[in-house]
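Single-letter residue listing:
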Amino acid sequence: MVMELLRTWTACLGRGVGCAVVGRDGVLMLALLMSLAIAAACARSAVDRVATLRATAWRPALSRFLSQWVKARHYSEDAFYRADGAAQPLGARRREALDRLSRQLRDQYAKSIRWAESIRDGFSDLRFTDANRVPLAFAGVMRERFNLAAVVTASDGPHLQDLDGHWTLDLGGSYGVNVAGYERYKHWMARGLDRVRDLGPVLGPLHPVVAENVALLKRVSRLDEVSFHMSGTEAVMAAVRLARFNTRRRLIVLFSGAYHGWWDGVQPGLGSERSLDDCLTLRDMHPASLDVIWRRAREIAAVLVNPVQSFHPNMPPPNDAVLLTSGMRRTEASSAPYARWLGQLRAVCDASDVPLVFDEVYTGFRLAPGGAQEYFGVQADMVVYGKTVAGGLPIGAVCGWARLMRRFDPERPMRVAFVVGTFSAHPVVMGAMNEFLRWATEPSTPPLYDEMNQRCAGWGQATNTRLAAAGLPVRIMRLATIWTVLFTQPGRYNWLLQYYLRAQGVTLTWVGTGRCLGTMDFSTKDYDELQDKLVHAAEAMRADGWWLSTADHPGRETTMRLRLVWEVLGHLVQVPPALRTFHAEVMQRKRDDHHASHTNIVNQLFHIISSSVFLACYALAFWDLTTAMWAGLAALFLRQIGHAVLEPPCRDREALLLGFNTPSKTAILATYLLIPIAHLVVRPWTTEALHPMLASVARQWFAWTIAVVAGRVIYLVWARDVWHALVWFVKLGTDPLTDLVAYTPRYLRGA
């Protein structure tokens, strides 16, 4: 039927008759064809969306969602030192160690700290970096003890002189600017200024040196055109806008874990609060992501890649504040898999006519003179440079094919991509850039890169050998001269290594040990010095007890993960301060109880058994009160034997902490025995009467238990207050659970 209508419609159109001849059937046919076209489009869109779900990286969206709900919540002093489940003695040892480290850093950097304190209230940048050094829950205690502002006045090779006169080893590399060594940049900056000194800060007209810079950048990038901007972030903004303008598409593909600057238009995770419906964040190095790019090519303006992601930590940017356990920082052992991935991505973009943009603000001129394109052997359609390319001065540059760099539409003169900047070709910046680019393109420069990378590789291998021999849970992972610290065992305090490194005389950026840099001015002697400082810092951290050993804490990882879950819930659900105080007092009473009368290991075993029975009886009492009471009383007798026979009675202290001391509890327990004895005296024992008697005794025991507990609560309300009565009651009811948690691991270790 459809085919007949279609043939009729075609014939009529061919004769010029049109809809008038086709009539009602023609209208129906047109409606049917339109419906089929709409259905096909919807089906295709649905298939594309399903494919996208498989490739979508959910962590950024989840972190944005949680950012609206997570509230500030800091550890108490005691909880800070025992966040990984450590025992009280180790917590006390850690407290002493942290106080000692705090005093050492305060004495070592006294002038720098005073300087930082004098401007902290008026310098928001400093407050922001301080807020991101450590995981959220630890921040309160650390803020009271540490101020890590680095205030420096001079550089000499890879060393920086601080305000206190110390020379420290610089691992930050000025956020990636320093590749060739500070002395070269000083020279380039001075020469660049000399070249344009006669012009001064004239903007608008261009200095002749700009032409040579453009030619050199085209040579390095192997692309058609160049555009200058003031920073890497601004250059990324320009590249994205130009890609959208020239492709007439709106969607930008990013990969989870990438960092493309502070512009919220390319921040799918934390750091951006506006709706990002024009960015698609996919899983890095995943075949499903390639499939999505191919399927949705008609929507995609560009695929934006941060090539340093081959060196995962998969956090933007990687910093010690996210180091909750060692599983939160990952790295690829080799760049070869990522090179293959980039090759596959290039092929898909070619087949789909989607521009591939390399964000080389960090990797450009660090991995190789030709950046990541040269290092991985992949040509991009647009490349964004920043950091070091201006010879030590601020810059951003975009290089691309001519078809992607147009800022106006020749066919529609009112359609313009307004991408400009007042300071984008500042003469002084152009002068320093020219000095750097001339050096970078000299034939003698590539061997300097090879030598720099080999020195760093040798240091990394030797350092890992020494760390392993010392039994330290720290390793170095690197890509060229970019390296990070990897922890080989779980720990809640891995982020503390940055503080121990600072005490050894090392300067880090605010991302801490998340991303460190070697440079051309690192000599073998400097790397040996760095190795010593890293090993000594890790040894000091181990000596202070911040890493739990497997032998002493076999269940450490499970304990840490459970605590992390509770912490996340605690950040999401705000517990009223009064309830937190109540909980803290209950737990303190429990700790005092354990310390006062639960030190004998056999008594602890009795408590494990009796607590297990009590917990079972709590539930069983709703269905079978008789069995629950008889089993519970047997467990109570076992528990009391442990107190009265195996532990010294604490009497007054016990009564203060627990409500009863050992003799008074024994007397109460004797009353339980009198109840069945009274039954036997009044009603002689027979087989027929056994079951009714057991049930009657159980009910009377239950009543006696209620009377004892209620009586004690009433007494505490009268003698003290409601607060103390509730603390005692909640402690009593939850003792079986907390006893199991407290004694089971300890007993197993003791056994």
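Quick note: structure is the one above.
Since this is a predicted model, take the numbers as computed values, not measurements.

Conventions adopted
Along each chain, numbering runs from 1 in the same order as the chain's sequence is written. The model is predicted, so local features are restricted to residues of pLDDT at least 70 and side-chain atom pairs to those at 80 or more, both for listing and for counting; the totals for chains, interfaces and linings are taken over all residues. Computation of side-chain values: all heavy atoms of the structure, hydrogens and water removed. Strands here are runs of E lasting at least two residues and helices are runs of H or I lasting at least four, both read from the DSSP assignment and numbered beginning at the N terminus. Here, expected helix span is obtained from the residue count minus one, scaled by 1.5 Å. Exposure categories follow from relative accessible area, calculated using a 1.4 Å probe and restricted to protein chains: below 20% of the type maximum is buried, above 50% is exposed, and the middle band is partly exposed. Think of the arc as the fan of directions from the helix axis to the C-beta atoms. By definition, residues are in contact when any of their heavy atoms lie within 4.5 Å. For every element, the axis is a line fit to its C-alpha atoms; helices are fit only across the contacting stretch, and the angle between N-to-C directions ranges from 0 to 180 degrees. An angle counts as roughly parallel when it lies under 35 degrees, as roughly antiparallel when it exceeds 145, as roughly perpendicular when it falls between 65 and 115, and as oblique in every other case. We call a crossing left-handed when the near helix sits turned anticlockwise from the far one by less than a right angle, and right-handed when that turn is clockwise. In this count, Pro and Cys sit with the nonpolar residues alongside Ala, Val, Leu, Ile, Met, Phe, Trp and Tyr, while Asp, Glu, Lys and Arg are called charged and the others, Gly among them, polar. For two strands to be treated as a pair, DSSP must find at least two bridges joining them. What counts as a ring pair is set by centres within 6.5 Å for rings of Phe, Tyr and Trp (its six-membered ring), and what kind of pair is set by the plane angle: stacked under 30 degrees, edge-to-face over 60, tilted for all other angles. What is meant by a nonpolar core is a set of buried Ala, Val, Leu, Ile, Met, Phe, Trp, Tyr and Cys residues, joined one to another through side-chain atoms within 4.5 Å. Every definition here rests on a 1 Å grid over the protein atoms only: cavities are sets of points where a 1.4 Å probe fits but cannot get out, pockets are open sets enclosed by protein on both sides within 12 Å along at least five of seven lines, and lining residues have some atom within 4 Å of a point. Grid points are joined across faces, edges and corners, and a volume is the space filled by probe spheres set on the points. Under this definition, polar contacts are N or O atom pairs within 3.5 Å; protein pairs additionally need one hydrogen-donor-capable and one acceptor-capable atom, and for neighbouring residues in sequence, both atoms have to be side-chain atoms. All tallies of charge rest on Lys and Arg as positive and Asp and Glu as negative; His and the ends of each chain are not included. The term salt bridge refers to a side-chain nitrogen of Lys or Arg lying within 4 Å of a carboxyl oxygen of Asp or Glu.

Participant: Quick rundown of helix H5 (residues 88-108)? Include the residues and the values.
Facilitator: For H5, built from 21 residues, the straight-helix expectation of 30 Å at 1.5 Å per residue is met to within 8% by its first-to-last C-alpha distance of 30 Å. Of all the residues in H5, the buried ones are Leu-90, Gly-91, Arg-94, Ala-97, Leu-98, Leu-101, Ser-102, Leu-105 and Gln-108. Considered in projection along H5, the buried side chains sweep an arc of 140 degrees and stay on one side of the axis. Of the exposed residues in H5, those oriented more than 90 degrees away from the buried face are Pro-89, Glu-96 and Asp-107. Each element contacted by the buried residues of H5 is listed here: helix H4 (77-81), helix H6 (110-119), helix H8 (139-145) and helix H18 (497-503).

Participant: Lay out helix H19 (residues 524-543) in plain terms, naming residues and giving numbers.
Facilitator: For H19, spanning 20 residues, the distance from its first C-alpha to its last is 28 Å, which sits close to the expected 28 Å at 1.5 Å a residue. Note on H19: the residue one or two positions beyond its end, Gly-545, has a positive phi of about 85 degrees.

Participant: Just give me the short version of unusual backbone geometry, but keep the residues and values in it.
Facilitator: Peptide bonds are trans in most cases, and residues, glycine excluded, mostly fall at negative phi. The residue Tyr-175 is not glycine, and still its phi comes out positive at about 60 degrees. Locating Tyr-175 in the fold gives a position in the loop between strand S3 (167-170) and helix H9 (182-196). For Tyr-175, a relative accessible area of 42% corresponds to the partly exposed category. At Ala-480, a position not held by glycine, the phi torsion is positive, near 55 degrees. Relative to the assigned elements, Ala-480 resides in the loop between strand S13 (474-479) and strand S14 (482-487). The buried category is assigned to Ala-480, whose relative accessible area is 2%.

Participant: I'd like a description of the packing of helix H17 (residues 445-469) against H19, backed by residues and values.
Facilitator: Following both chains from N to C, one finds H17 and H19 inclined at 30 degrees, their axes separated by 10 Å at the closest point. By the angle between their directions, the pair H17 and H19 is classed as roughly parallel. Where H17 crosses over H19, the handedness of that crossing is right-handed. Across the interface between the two elements, Arg-455, Cys-456, Trp-459, Ala-462, Thr-463, Arg-466 and Leu-467 of H17 pack against Thr-524, Tyr-527, Leu-530, Gln-531, Asp-532, Leu-534, Val-535 and His-536 of H19. Class assignment of the residues belonging to the contact of H17 with H19 gives a composition of eight nonpolar, four polar and three charged.

Participant: Describe in detail the sheet that holds S13, supporting the description with residues and values.
Facilitator: The three strands are arranged S13-S14-S16 in an open sheet whose pairing can be described as antiparallel. Of all strands in the sheet, those with a lone pairing partner are S13 and strand S16 (516-517), marking the two edges. Across two bridges, the pairing between S14 and S16 is antiparallel. Looking at S16, one finds that Trp-483 is bridged to Cys-516.

Participant: Describe in detail the packing of aromatic side chains, supporting the description with residues and values.
Facilitator: Following the criterion strictly, the structure yields 29 aromatic pairs and no others. With 4.9 Å between their ring centres and 70 degrees between their planes, Phe-80 and Tyr-81 make a pair best called edge-to-face. Assessed through its relative accessible area of 0%, Phe-80 is described here as buried. With a centroid separation of 5.4 Å and 70 degrees between ring planes, the pair formed by Phe-138 and Tyr-493 is classed as edge-to-face. Taken as a pair, Phe-138 in the loop between helix H7 (124-130) and H8 and Tyr-493 in the loop between S14 and H18 lie far apart in primary sequence, 355 residues in all.

Participant: Account for the pairing of strand S7 (residues 300-305), naming residues and giving values.
Facilitator: Most of S7 sits out of view: six of its six residues are buried. Note that strand S5 (residues 251-255) and S7 share three bridges and pair parallel. In the strand pairing of S7, Leu-251 is matched with Ile-300. In terms of strand pairing, S7 meets strand S8 (residues 356-360) through three bridges, oriented parallel.

Participant: I'd love a proper account of the nonpolar core, names of residues and values included.
Facilitator: Leu-217, Val-303, Leu-345 and Phe-365 are the most contacted members of the largest nonpolar core, which has 66 residues in total. The greatest single-element share of this core, amounting to eight residues, is contributed by helix H16 (residues 427-440). Excluding residues within four positions of it along the chain, Phe-365 makes contact with Val-179, Leu-217, Val-220, Gly-371, Tyr-385, Thr-388, Val-389, Phe-436, Leu-437, Ala-440 and Tyr-449. Counting 50 residues, the second largest nonpolar core, distinct from the first, contains Leu-105, Phe-487, Trp-495 and Leu-501.

Participant: Quick one: what's the story with empty space enclosed by the protein, residue by residue and with numbers?
Facilitator: This structure, assessed with the given rule, holds four cavities of 30 Å³ or more. Quantified by volume, the largest cavity comes out at close to 160 Å³. Considering the residues around the largest cavity, the lining is formed by 14 residues, among which Tyr-109, Leu-148, Ala-149, Ala-150 and Arg-502 are closest to the centre. Looking at side-chain class alone, the lining of the largest cavity contains eight nonpolar, four polar and two charged residues.

Participant: Which residues make up the side chain of Thr-738, and what values go with them?
Facilitator: Secondary-structure assignment places Thr-738 in helix H27 (residues 722-750). Reaching out from Thr-738, the side chain makes a polar contact with the backbone oxygen of Asp-735 at a distance of 3.2 Å.

Participant: Kindly report on the side chain of Asp-526, identifying the contributing residues and their values.
Facilitator: With respect to the helices and strands, Asp-526 occurs in helix H19. Nearest to the buried, unbridged Asp-526 among oppositely charged side chains is Lys-525, at 6.8 Å. When neighbours within four sequence positions are excluded, Asp-526 is seen to be in contact with Pro-158, His-159, Leu-169 and Asp-521.

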